[in-house]
Amino acid sequence: MSRLGIYGGSFNPPHQGHTLAAQELIRLLALDTLFVIPAAIPPHKALPAGSPDAQERLHLTELAFAHVEKAQVLDLELRREGPSYTVDTLECLAREHPGDELILIMGTDMLLGFSGWYQPARIAELAKLAVMHRSEDAALWQKTLEEAARLRAQLGAEIIPVDNQSIEVSSTTVRRLLGLGDAEYLDPEVRDRIEALGLYGIREDRRNLPFDRLQEASLSLYDPKRVPHVIGCSQTAEALAKQYGADPELARRAGILHDVTKAIGPHDQLLLARHYGIVPSGQEQINPKLLHAKTGAAVARAVFGECEQVVSAIEWHTTGRANMTVLEKILYLADYMEPNRRFTGVDTLRELVWKDLDAGMELGLRMSLESLAQRGLGVDENSMAAWQFYSNERSKQI
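What counts, and at which threshold
- Residues numbered from 1 in each chain as written.
- Predicted model: local features only at pLDDT ≥ 70, side-chain atom pairs only at ≥ 80, totals over all residues.
- Heavy atoms only, no water.
- Salt bridge = Lys/Arg side-chain N within 4 Å of Asp/Glu carboxyl O.
- Helix = DSSP H or I, 4+ residues; strand = E, 2+ residues; numbered from the N terminus.
- Buried < 20%, exposed > 50% of the residue type's maximum accessible area, 1.4 Å probe, protein only.
- Core = buried A, V, L, I, M, F, W, Y, C linked by side-chain atoms within 4.5 Å.
- Contact = heavy atoms within 4.5 Å.
- Pairing = 2+ DSSP bridges.
- Axes fitted to C-alpha atoms, helices over the stretch in contact; angles between N-to-C directions.
- 1 Å grid on protein atoms, 1.4 Å probe; cavity = no way out; pocket = protein on both sides within 12 Å on 5 of 7 lines; lining within 4 Å.
- Points joined across faces, edges and corners; volume = space filled by probe spheres on them.
- Nonpolar A, V, L, I, M, F, W, Y, C, P; charged D, E, K, R; others polar.
- Parallel < 35°, antiparallel > 145°, perpendicular 65-115°, else oblique.
- Left-handed = near helix turned anticlockwise from the far one by under 90°.
- Right-handed = clockwise from strand over helix to strand, strands pointing away.

Draft legend 1. The pattern of salt bridges, seen in detail. Applying the stated rule across the entire model yields 24 salt bridges. With a closest N to O distance of 2.8 Å, Glu249 and Arg252 form a salt bridge. Remark: Arg252 and Glu249 occur in helix H11 (residues 248–257); sequence separation between them is three residues, near one turn of the helix. The exposure class assigned to Arg252 is partly exposed, which follows from its relative accessible area of 23%.

Draft legend 2. Expanded view of the environment of Thr348. Within the element layout of this structure, Thr348 appears in helix H17 (residues 346–353). For Thr348, a relative accessible area of 52% puts it in the exposed group.

Draft legend 3. Inspection of the nonpolar core at higher detail. Ranked by internal contacts, the top residues of the largest apolar core, which has 88 residues, are Tyr7, Leu29, Phe65, Ile105 and Phe304. With eight residues, helix H16 (residues 326–337) is the largest single contributor of residues to this core. When neighbours within four sequence positions are excluded, Ile105 is seen to be in contact with Ile6, Tyr7, Leu25, Leu29, Leu34, Ala130 and Met132.

Draft legend 4. Structural view of the sheet that holds strand E1 (residues 3–9). One open sheet accounts for six strands, arranged E3-E2-E1-E4-E5-E6; its pairing is parallel. The open sheet is flanked by strand E3 (71–73) and strand E6 (159–163), the only strands paired with a single partner. For this sheet the average axis-to-axis angle between neighbouring strands, irrespective of direction, equals 30°. Against the sheet, helix H1 (residues 16–28) touches E1, strand E2 (33–38), E3, strand E4 (101–107), strand E5 (128–133) and E6, its axis set at about 120° to E6. With respect to the sheet, helix H2 (residues 54–65) is in contact with E1, E2 and E3, its orientation differing from that of E3 by roughly 165°.

Draft legend 5. Quick look at the side chain of Arg253. Counting through the fold element by element, Arg253 comes out in helix H11. Note on Arg253: relative accessible area 7%, which makes it buried. Among residues more than four places away in sequence, those in contact with Arg253 are Asn208, Leu209, Pro210, Phe211, Leu214 and Glu306.

Draft legend 6. Region of the structure containing the layout of surface pockets. What the second largest pocket holds in volume is close to 890 Å³. Taken together, 29 residues make up the lining of the second largest pocket; nearest its centre are Thr318, Ser368, Ser371, Leu372 and Arg375. Of all the secondary structure elements, the ones that give two or more residues to the lining of the second largest pocket are helix H13 (282–286), H16 and helix H18 (357–374). Broken down by element, the lining of the second largest pocket gets its largest block of residues, six residues, from H18. When its residues are assigned to classes, the lining of the second largest pocket shows nine nonpolar, eleven polar and nine charged.

Draft legend 7. Molecular detail of the packing of H17 against H18. Viewed as axis vectors pointing N to C, H17 and H18 meet at an angle of 155°, and their least axial separation amounts to 8 Å. The angle between H17 and H18 falls in the class roughly antiparallel. Where H17 abuts H18, its residues Val346, Thr348, Leu349, Leu352 and Val353 lie against Leu357, Ala359, Gly360, Leu363, Gly364 and Met367. Looking at the contact of H17 with H18 residue by residue, the classes come out as eight nonpolar, three polar and no charged.

Draft legend 8. Representation of the packing of helix H10 (residues 227–244) against H16 in the model. Where H10 contacts H16, the axes come no closer than 8 Å and their chain directions differ by 135°. With respect to their mutual orientation, H10 and H16 come out oblique. Classified by chirality, the crossing of H16 by H10 is right-handed. Residues His229, Cys233, Thr236, Ala237, Leu240, Ala241 and Tyr244 of H10 lie in contact with H16, whose contacting residues are Val326, Ile330, Leu331, Ala334, Asp335 and Met337. For the contact of H10 with H16, the residue count by class is ten nonpolar, two polar and one charged.

Draft legend 9. Representation of the pairing of E1 in the model. Pairing of E1 with E4, which is carried by four bridges, proceeds in the parallel orientation. Following the sheet pairing, Ile6 is matched in E4 by Leu104. Two strands pair when backbone bridges link them, and E1 and E2 are joined in this way by six bridges, in the parallel orientation. Bridge pairing links Gly8 to Ile37 in E2. In this view, the connection linking E1 to its parallel neighbour E2 by way of H1 has right-handed handedness.

This is how it looks when you write it as structure tokens:
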């Protein structure tokens with residue numbers, strides 16, 4: 001009897017997180033073969049706009065797994081019409097491999113939603129469930145163990161925990177990085193294929209776009225929850241530019257791009273910084289989230305072809321600096337006070353900013369420094385220099 005793993009997914013695109021996880025699964029589960037099965041039409045989620053068709057995702061997956069020993073890519077789900085239901089795949093494999101042990105691979109999130117799958121009881125009859133998890137996430141794992149116990153009692157499911165210590169990265173992150181100009185996490189053959197065919201929009205010229213197209217292209221790179229803030233920031237920056245004599249077009253462009261890299265996590269911020277030749281400061285090494293201003297500025301320049309005024313405004317919108325340009329001050333404050341912001345003192349800040357931009361900078365920086373101190377977080381040296389500069393400027397006017 002052979003032990004056969006079933007590793008399905010949209011593989012959109014397949015990346016090193018997938019292949020390294022496969023190698024771990026083969027080793028930890030002592031698999032004779034790991035079947036890698038791209039879904040034609042995933043039943044649980046719609047593929048993002050611009051995704052390659054099923055045949056191209058299959059080809060990319062074959063390239064990605066070509067060097068993974070004991071892995072075999074199957075077109076099983078592409079040969080069926082309609083949604084790719086797991087139970088249908090397992091029924092087919094059970095017929096083709098009678099007497100062999102089938103082990104269905106899934107993540108903790110998939111197990112937690114398993115009861116909502118199509119025919120979960122039949123799936124549990126056909127295959128054991130191997131659940132990948134990371135041991136350091138104790139709370140999530142405890143929740144998963146509780147759900148596993150419930151599924152054993154309700155369905156008789158046999159569930160095998162697999163402590164997965166491979167690269168933790170999603171295809172969503174990989175697509176975002178491609179949109180930001182970085183092919184991190186892709187095997188060379190997959191990267192070359194994507195570049196040759198211009199998949200995931202990487203051949204699209206996004207430099208110097210008119211604003212409506214810039215907004216559409218950039219917002220696709222954001223976490224959807226952040227979109228209202230970004231639009232609010234852009235609109236506020238445009239209004240402040242009209243108030244204080246800056247270029248409204250540059251202001252709204254800076255606003256719509258200012259957080260363009262924020263959806264990627266701290267580790268990937270460091271990778272993106274390396275890609276663009278950015279050397280993180282000591283504070284940025286400790287808190288890589290701060291890097292989104294510098295990586296965002298690099299993307300604004302390299303990917304979207306924005307002018308240096310916009311680039312510098314994005315670069316300094318988080319920390320500020322001494323003696324900022326008018327556009328830099330506008331973006332810093334628009335980010336802080338746009339209409340979706342809700343914190344103690346924001347209404348006072350808004351009222352002051354519309355009267356005196358530099359007074360608004362002094363207050364905004366002071367509030368930011370006080371907030372960091374209350375949370376026990378370190379202060380970037382540029383923020384301190386900016387606050388001292390605008391405090392001194394205010395003192396001269398009094």
